[in-house]
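Breakdown of the fold
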Amino acid sequence: MHNSRRTVLKTAAALALTFSVGMAHAAWPERPITLIVPWGAGGGTDATARIIGSLLEKDLGQPVNVVNRTGGNGVVGHQAIASGKPDGYTIGLATVEIAMMHHQGLTQLSYKDYTPLSLMNYDPAALTVSDSSPYKTLEDLLAAAKANPGKLKSSGTGLGGIWHLGLAGMFGSLKLDPNSIRWVPSNGAAPALVDLAAGGVEVLASSLPEARSLIDAGKARALVIMDAKPSALYPNVPTLKSATGSDWGTGAWRGIVAPKGLPKDIQQKLAASLKKIYDSKEYQDFMGGRGFGIVYADSAAFGKFWEKSDSDMGTIMKTLGMAK
């Protein structure tokens, strides 16, 4: 009788717990959500996070606090996202660097440590030259690089940054030495643009939005975009496929993620809200007005995209001798 009573009590407790957990999920969100950004205030990633955060706040009816956690070339912020409780109250805007950092030995973190929710932005790599450059087409540039390996210089990020790997990957896809054009490290596309205008480098590797100021001023021209389809910003810029036949493509991406183990019901609610945001006029106008590439992938497709990005980055880094 005593054992029977204990069994009944245990069963009741288990049911109560199940019910309370279910109710907790059903009520989500009941308090503010933190959206972690691994990069500093004022940049493109921060701007993207803040428009998503403000629209998410409206849709979910709870404050969404955007918090910049910088340091370690993106490691600190990405670690803060991964270390959060998987309860829907900590999310983050992951960037392409998370597909690169563990290959460099900077962290153990990879796509396996997160719940992907939605890809929200993708800016393909592109090559731009000065308006006074003798290279009118990508074919001209490649011919010069083959004739004088290592003589021409390019810039756009630090050594091993996304635009450096984009350029090296393009050369690899064309069966050329990845160091055919020498890489000059910089603190991003902005200082590299100054170098290009001053003649310090012959080629800028970056996204087209980053090169927009010089292109629109008539001081630079884009030779190629490393994507399967033309740019909405500059539709006349040839794709790498059309110029060379190569299927290579890469770029900088941003997507909303949560810590690994996010309950399915919360994941579905967040994903539905993010899709609504992506489709909204506010988001489309905000991103389009800045020239940011607007690309969406749901949780499953984003996960596959991220895994491929990770594999591609690892392959190029090994080729360059940069993988640890």
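Right, let's walk through the structure included here. Along every chain, residues carry numbers that run from 1 in the direction the sequence is written. Owing to the predicted nature of the model, reporting of local features is limited to residues with pLDDT of at least 70; listing and counting of side-chain atom pairs is limited to 80 or more, with chain, interface and lining totals taken over all residues. Heavy atoms throughout the structure, all of them, feed into the side-chain values; hydrogens and water do not.

Describing the overall build of the chain
Formally: Helix and strand definitions here come from DSSP, where helices need a minimum of 4 consecutive H or I residues and strands a minimum of 2 consecutive E residues; each element is numbered from the N-terminal end. Note on contacts: a residue pair qualifies if any of its non-hydrogen atoms lie within 4.5 Å across the two residues. Methods summary: accessible areas were calculated by the Shrake-Rupley approach with a probe of 1.4 Å, and residue burial reflects only the protein chains presented. Counting rule for charge: Lys and Arg are taken as positive, Asp and Glu as negative, and neither His nor the chain ends is counted. One atom stands in for each charge, and that atom is NZ of Lys, CZ of Arg, CG of Asp or CD of Glu.
A count of helices and strands for the chain gives 11 helices and 10 strands. Its C-alpha atoms put the chain at 90 × 40 × 35 Å along the principal axes. For the chain, the share of sequence-separated contacts (at least 6 apart) that also reach a separation of at least 24 residues comes to 79%. For the chain, the exposed area adds up to about 14800 Å²; of that, 56% sits on carbon and sulfur atoms. In the chain, 32 side chains carry a positive charge and 26 a negative one; their mean positions are 6 Å apart.

Some words on the side chain of Ser231
Applied cut-off: Here a polar contact is taken to be a pair of N or O atoms separated by no more than 3.5 Å, where protein atoms must pair a possible hydrogen donor with a possible acceptor and residues adjacent in sequence count only if both atoms sit in side chains.
Residue position: Ser231 is located in the loop between strand 9 (220-225) and helix 8 (240-244). A distance of 2.9 Å separates the side chain of Ser231 from the backbone nitrogen of Leu233, its partner in a polar contact. A polar contact of 3.0 Å, which involves the side chain of Ser231, links it to the backbone nitrogen of Tyr234. Once residues lying within four places of it in the same chain are set aside, the contact partners of Ser231 are Leu208 and Ile225.

Some points on the packing of helix 9 (residues 264-279) against helix 10 (residues 281-289)
Applicable threshold: To define axes, lines are fitted to C-alpha atoms, for helices over the stretch in contact only, and angles between the resulting N-to-C directions are given on a 0 to 180 degree scale. Each angle is binned into one of four classes, with values under 35 degrees roughly parallel, values over 145 roughly antiparallel, values of 65 to 115 roughly perpendicular, and all other values oblique. Put simply, Ala, Val, Leu, Ile, Met, Phe, Trp, Tyr, Cys and Pro go in the nonpolar bin, Asp, Glu, Lys and Arg in the charged bin, and everything else, Gly too, in the polar bin.
In contact at an axis separation of 4 Å, helix 9 and helix 10 are set at 60° when each is read in the N-to-C sense. The angle between helix 9 and helix 10 falls in the class oblique. Contacts from Ile277, Tyr278 and Asp279 in helix 9 reach Lys281, Tyr283 and Gln284 in helix 10. Classifying every residue of the contact of helix 9 with helix 10 gives 3 nonpolar, 1 polar and 2 charged.

Remarks on the sheet that holds strand 2 (residues 64-68)
Rules: If DSSP finds at least two bridges between two strands, the strands pair.
Across the sheet, 5 strands lie side by side as 2-1-3-10-4; this open sheet has mixed pairing. Edge strands, defined here as strands with exactly one partner in the open sheet, are strand 2 and strand 4 (114-124). Averaged over all pairs of adjacent strands, the angle between strand axes in this sheet comes to 20°, irrespective of strand direction. As defined by bridge partners, strand 3 (residues 90-95) adjoins strand 10 (residues 251-259) across 4 bridges and the pair is classed as antiparallel. Each residue of the ladder has a partner; that of Thr95, found in strand 10, is Arg254.

Side note on the side chain of Ser309
Tracing the backbone shows Ser309 in helix 11 (residues 299-320). At a separation of 3.1 Å, a polar atom in the side chain of Ser309 contacts the side chain of Trp253. With sequence-adjacent residues up to four places away left out, Ser309 is seen in contact with Val96, Ala99 and Trp253.

Observations regarding the packing of aromatic side chains
The line we're drawing: Geometry of aromatic contacts follows a simple scheme: Phe, Tyr and Trp rings, the Trp one being its six-membered ring, pair when their centres are within 6.5 Å, and the pair is stacked under 30 degrees between planes, edge-to-face over 60, tilted otherwise.
Taken as a whole and assessed by the stated rule, the structure comprises 9 aromatic pairs. Taking the centre distance of 5.9 Å and the plane angle of 50° together, the rings of Tyr278 and Tyr283 count as tilted. An aromatic cluster of at least three residues, connected via ring pairs, comprises Tyr114, Tyr122, Trp253, Phe302, Phe305 and Trp306.

Observations concerning the nonpolar core
Selection criterion: Working definition of a nonpolar core: buried Ala, Val, Leu, Ile, Met, Phe, Trp, Tyr and Cys residues. They are joined through side-chain atoms within 4.5 Å. For every residue, the accessible area obtained with a 1.4 Å probe (protein chains only) is divided by the maximum for its type, and the residue is called buried under 20%, exposed over 50%, and partly exposed between those limits.
Ranked by internal contacts, the top residues of the largest apolar core, which has 52 residues, are Leu127, Leu141, Met170 and Trp253. Sort the elements by how many residues they give to this core and helix 5 (residues 162-173) lands first, with 7 residues. With sequence-adjacent residues up to four places away left out, Trp253 is seen in contact with Ala94, Thr95, Val96, Ile98, Ala99, Leu119, Asn121, Tyr122, Phe302, Phe305, Trp306 and Ser309. Grouped together as the second largest cluster of nonpolar side chains are 29 residues, Leu56, Val66, Tyr283 and Met287 included.

Remarks on the sheet that holds strand 9
Strand order in the open sheet formed by 5 strands is 7-6-8-5-9, with mixed pairing between adjacent strands. Looking at strand neighbours, the two that pair on one side only are strand 7 (182-183) and strand 9, the edges of this open sheet. In the sheet, strand 5 (residues 126-130) pairs with strand 9 via 5 bridges, with the strands oriented antiparallel. Paired with Leu127 across the two strands is Val224, which belongs to strand 9. On the sheet, helix 7 (residues 208-216) packs against strand 5, strand 8 (203-206) and strand 9 and is oriented at approximately 155° with respect to strand 9.

Re the layout of surface pockets
A probe as big as a water molecule, rolled over the atoms, marks out the empty space that is left. Heads up, the rule is: For cavity detection a 1 Å grid was placed over the protein atoms alone, and a set of points counts as a cavity when a 1.4 Å probe fits there but cannot get out; an open set counts as a pocket when protein lies on both sides within 12 Å along at least five of seven lines, with lining residues being those that have an atom within 4 Å of a point. Grid points are joined across faces, edges and corners, and a volume is the space filled by probe spheres set on the points.
Roughly 1100 Å³ of internal volume is contained in the largest pocket. Among the elements of the structure, helix 2 (44-60), strand 4, helix 5, helix 6 (189-198), helix 7 and strand 10 are those that each provide at least two residues to the lining of the largest pocket. With 4 residues, helix 2 is the single largest residue contributor to the lining of the largest pocket.

Structural notes on the environment of Pro32
Along the chain, Pro32 falls in the loop between helix 1 (2-27) and strand 1 (33-37). Between the C-alpha atom of Pro32 and that of Gly61, which follows or precedes it by 29 residues, the distance is 9.2 Å. For Pro32, the residues in contact, after removing those within four places along its chain, are Gln62, Pro63, Asn65 and Tyr89.

Let's talk about the pairing of strand 2
The line we're drawing: By the criterion used throughout, a crossover qualifies as right-handed when its path from the first strand across the helix to the second strand runs clockwise, the strands pointing away from the viewer.
With 5 bridges joining them, strand 1 and strand 2 adopt parallel strand pairing. Bridging across to strand 2, Ile36 finds its partner in Val67. For the crossover from strand 1 across helix 2 to strand 2, the handedness is right-handed.

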